[in-house]
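Here is how the chains run, residue by residue.
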Protein chains: 2
Amino acid sequence: MTTTPPAEIGMPLEEVDTPALLIDLDAFDRNIETLAAMTKKFGVRLRPHAKTHKSPVIALRQMAHGAVGQCCQKVGEAEVLVAGGVPDVLVTNQIVGRRKLERLAAISKQAHVGVCADNAENVAEINAAAAHFNTTIEVLVEIDLGMGRCGVQAGQPALDLAKIIAGSSNLNFGGLQCYHGSAQHVQGFSERRAVIAKAGETVAGTVALLKENGLDCRLVTGAGTGTFPFEASSGIWNEVQCGSYIFMDADYGRILMEDGEEISTFENSLFVWVTVMSRPSREVAVVDAGLKSFAVDSGMPRVWQVEDTVYERASDEHGKLILGTGAPELPLGSKIKLIPGHCDPTVNLFDWYVGIRAGKVEALWSVAARGAST
Amino acid sequence: MTTTPPAEIGMPLEEVDTPALLIDLDAFDRNIETLAAMTKKFGVRLRPHAKTHKSPVIALRQMAHGAVGQCCQKVGEAEVLVAGGVPDVLVTNQIVGRRKLERLAAISKQAHVGVCADNAENVAEINAAAAHFNTTIEVLVEIDLGMGRCGVQAGQPALDLAKIIAGSSNLNFGGLQCYHGSAQHVQGFSERRAVIAKAGETVAGTVALLKENGLDCRLVTGAGTGTFPFEASSGIWNEVQCGSYIFMDADYGRILMEDGEEISTFENSLFVWVTVMSRPSREVAVVDAGLKSFAVDSGMPRVWQVEDTVYERASDEHGKLILGTGAPELPLGSKIKLIPGHCDPTVNLFDWYVGIRAGKVEALWSVAARGAST
């Protein structure tokens, strides 16, 4: 069940209960403006990924700065976005099964809805669901660029599937989904650039092959926070799908810090606010946030602006901090900020964003699509 | 916001939407009965840990089989349990700060409520909150048995804090919280037995010291699924706090499988039900459940009863399965069961339990305290 918010509008940050998911609204606004300006300069469309924030409020703020719509991974997320007023949603994922596809078809009557495919049988069931609702769904062919996850191979297999989509009564062929997920986390600017340059050749070849066969790609879409300058400047992709840029996290922080200024301009705007609940010794402080307040798949959270202090270990509802000799006192009841290791699955643990500006609570936004994984 | 359930009562399992959190009700019932019988035989009280299930419905089923109450980690969980009719709740954790402590004091007027402490200042603020609500709260001293997390040291420091509690106007001294968390996951039956034997000497010494000083321990409570037969047979602990036994998980499975029959009798009753959504090659199947449907802090989920098939890698909403030569076909749309690596934080990702018996949906229970981490 949805929990009550840990704060009230106007409350000083210090009084916000813990654990709470904080947004630094100034940094958040700057991240939105920065990426909007960069994509405008590159001349590509921006379709931010809502799997990061799961919030129509945030989606509409991104669109007010020029984003063309939203990406998401699940029908449940698309339903929440459309209900919240987002007019253009692309599910960057395969959706399988009648029940889910009929839900997708239903919302395609209220908004522009697209979905990805990598299988002819799946295309047939998408078409059947669209026909059942007397609607049209845009379908993109997903290409595997080397992640080894979903997607057909580039070239002929992509053309074969695109032809099936284009020949389906209730589908529009929308173009290509070309996302290289594993490239986002490759360490080193030039290494990432090389991976995307190679992927770009593959994508360009497939776009050309489709064109020779009379199939235009309205969308050649992909890219994430770790690589988008390469896709955006390639002349091949015409749309980028960054999600994490809006919040950043410890994992992306480690990767982007090594880079040139161009893609290290995003700021940490997302924090988990925690309380010191036990001080068993000089070296140890225990905070009230563990595995149920952080996703740890990309490592432990990073302590924000507290000297010589490391978050060492998480149990369900405990976080053990190790304090070095340069650490401050951190008495019982102290509150500090932590940077999640991985923002997307961390956001999915909370019901509320607490937006902070000038030291007080300015916004309480629902994480409206939290748990919407069907 | 709370999501809609992925199933309806009476629906065949095959039609349940994915990802869904399934309970095999037969195995679940047997786990409840097995532990109830074992603790009765040992002559100790059973107070199961609700941080595992977060459900008053499940709590009341455990109590119908003889459990004396519930443990939890957070005030938010205690509120949900008390509202759901649980008459006796022990927060096995430190609660710091006026706002949280007043919530705790408020529910102590509706149920018997206990909490742990390891700090004299904290005891004073618990007392102030209890006085503010004109109520009495039972406070236990938590002892650090070697985890290096919360708790005072055994012996004199525990006695000093117990005296402060006993001398507080609105507190009852309840005894000792003696939980050895890290021992639960020590590999090897005899190694775990040795760790708890050593901890038992420490606990016994402190109980005796308190008694010499006129302080009786109503509760000497602790233990988890990995070690409880040692605590329960020690003659020192009089209450055990097992949580995971009701569901089990891949991590406890690895540990308990090596043991004697006595503690390997719990069955996997908790599964995540997933759909194959992409079959990019003979060797790879991608399912629709990743980091937002599983906690991976204790490793990847284990595939249940599908030959030669391994869950290799999780991204936010994808799970990549590697199929060996002995694997079945697993066509697009197939549904399979996975065992979570770690049950507690996995349950916390879902809004609904789907209880299955004889192949059909028999129960839809809310994970009522999901996200209740404040």
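Here the structure is a predicted model, which is why all the values come from computation and not from measurement. (Residues numbered from 1 in each chain as written. Chains lettered and ligands numbered in written order. Predicted model: local features only at pLDDT ≥ 70, side-chain atom pairs only at ≥ 80, totals over all residues. Heavy atoms only, no water.)

1. Here's the deal with the sheet that holds strand 7 (residues 171-177) of chain A
All names here are of chain A. Spatially, eight strands are ordered 2-9-8-7-6-5-4-3 in an open sheet, and the strand pairing comes out parallel. Where the open sheet ends on each side, the last strands, each with one partner, are strand 2 (45-46) and strand 3 (70-72). Inspection of the sheet shows strand 6 (residues 137-142) paired to strand 7 by six bridges, in the parallel sense. Looking at the pairing, Val 141 lines up with Leu 176 of strand 7. Along the sheet, helix 3 (residues 75-83) contacts strand 3 and strand 4 (88-94); its crossing angle with strand 3, the most-contacted strand, is approximately 150 degrees. (Pairing = 2+ DSSP bridges. Helix = DSSP H or I, 4+ residues; strand = E, 2+ residues; numbered from the N terminus. Contact = heavy atoms within 4.5 Å. Axes fitted to C-alpha atoms, helices over the stretch in contact; angles between N-to-C directions.)

2. Section: the pattern of salt bridges
All names here are of chain B. Inspection of the entire model under this criterion finds 46 salt bridges over all chains. The shortest N-O distance in the salt bridge between Asp 26 and Arg 357 comes to 2.8 Å. With Asp 26 in helix 1 (residues 25-42) and Arg 357 in strand 16 (residues 352-357), this residue pair connects regions lying 331 residues apart in the sequence. Note that Arg 45 is salt-bridged to Glu 239, the shortest N-O span being 2.9 Å. Residue Arg 45 is found in strand 2 (residues 45-46), and its partner Glu 239 is found in strand 9 (residues 239-240); the two are separated by 194 residues along the sequence. With a relative accessible area of 28%, Arg 45 lands in the partly exposed category. The class for Glu 239 is buried, based on a relative accessible area of 0%. (Salt bridge = Lys/Arg side-chain N within 4 Å of Asp/Glu carboxyl O. Buried < 20%, exposed > 50% of the residue type's maximum accessible area, 1.4 Å probe, protein only.)

3. Comments concerning the interface of chain B and chain A
In this complex, chain B contributes 65 residues to the contact, which on the side of chain A involves 65 residues. Counting the surface lost from both chain B and chain A, the interface buries some 5,200 Å², and carbon and sulfur atoms represent 50% of this. Between A:Asp288 and B:Lys100 there is a salt bridge, with the nearest N and O atoms lying 3.7 Å from each other. Linking chain B to chain A there are 27 residue pairs in polar contact (both at pLDDT 80 or more). Listing elements by their share of the side of chain B that touches chain A, those giving two or more residues are strand 4 (88-94), helix 4 (98-107), strand 10 (270-281), strand 11 (284-287) and helix 10 (343-347) of chain B. Among the elements that take part in the side of chain B that touches chain A, strand 10 of chain B stands out by supplying five residues, more than any other. Of the residues belonging to the side of chain B that touches chain A, the class tally is 23 nonpolar, 22 polar and 20 charged. (Buried area = accessible area lost by both parts, 1.4 Å probe. Polar contact = N/O pair within 3.5 Å; in protein donor to acceptor, adjacent residues only side chain to side chain. Nonpolar A, V, L, I, M, F, W, Y, C, P; charged D, E, K, R; others polar.)

4. Re the nonpolar core
If you look at the biggest cluster of nonpolar residues, it comprises 203 residues, and the most contacted ones within it are A:Phe247, A:Tyr353, B:Phe247 and B:Tyr353. Ranked by the residues each element gives to this core, the list is headed by helix 1 (residues 25-42) of chain A, at six residues. (Core = buried A, V, L, I, M, F, W, Y, C linked by side-chain atoms within 4.5 Å.)

5. A word on the environment of A:Val207
Residues and elements named next belong to chain A. One can find Val 207 in helix 7 (residues 189-212). A relative accessible area of 23% means that Val 207 is categorised as partly exposed. When the C-alpha positions of Val 207 and Gly 175 are compared, they lie 8.5 Å apart, and in sequence the two are 32 residues distant.

6. Some words on the sheet that holds strand 8 (residues 219-222) of chain B
All names here are of chain B. Spatial strand order, 2-9-8-7-6-5-4-3: eight strands in an open sheet with parallel pairing. With partners counted over all chains shown, the strands left at the sheet margins are strand 2 and strand 3 (70-72), one partner each. Against the sheet, helix 3 (residues 75-83) engages strand 3 and strand 4, with an angle of about 150 degrees to strand 3.

7. So, helix 1 of chain A
Residues and elements named next belong to chain A. Across its 18 residues, helix 1 extends 26 Å between first and last C-alpha, which sits within 8% of the 26 Å expected from 1.5 Å per residue. Residues Leu 25, Ala 27, Phe 28, Asp 29, Asn 31, Ile 32, Leu 35, Ala 36, Met 38, Thr 39 and Phe 42 constitute the buried set of helix 1. Immediately downstream of helix 1, the backbone of Gly 43 shows phi near 75 degrees, a positive value. (Expected span 1.5 Å × (residues − 1).)

8. Some remarks on the state of the cysteines
All names here are of chain A. Inspection of the entire model under this criterion finds zero disulfides over all chains. Cysteine Cys 150 is unpaired, with the sulfur of Cys 116 as its nearest cysteine sulfur at 9.5 Å. Note on Cys 150: relative accessible area 3%, which makes it buried. (Disulfide = S-S within 2.5 Å.)

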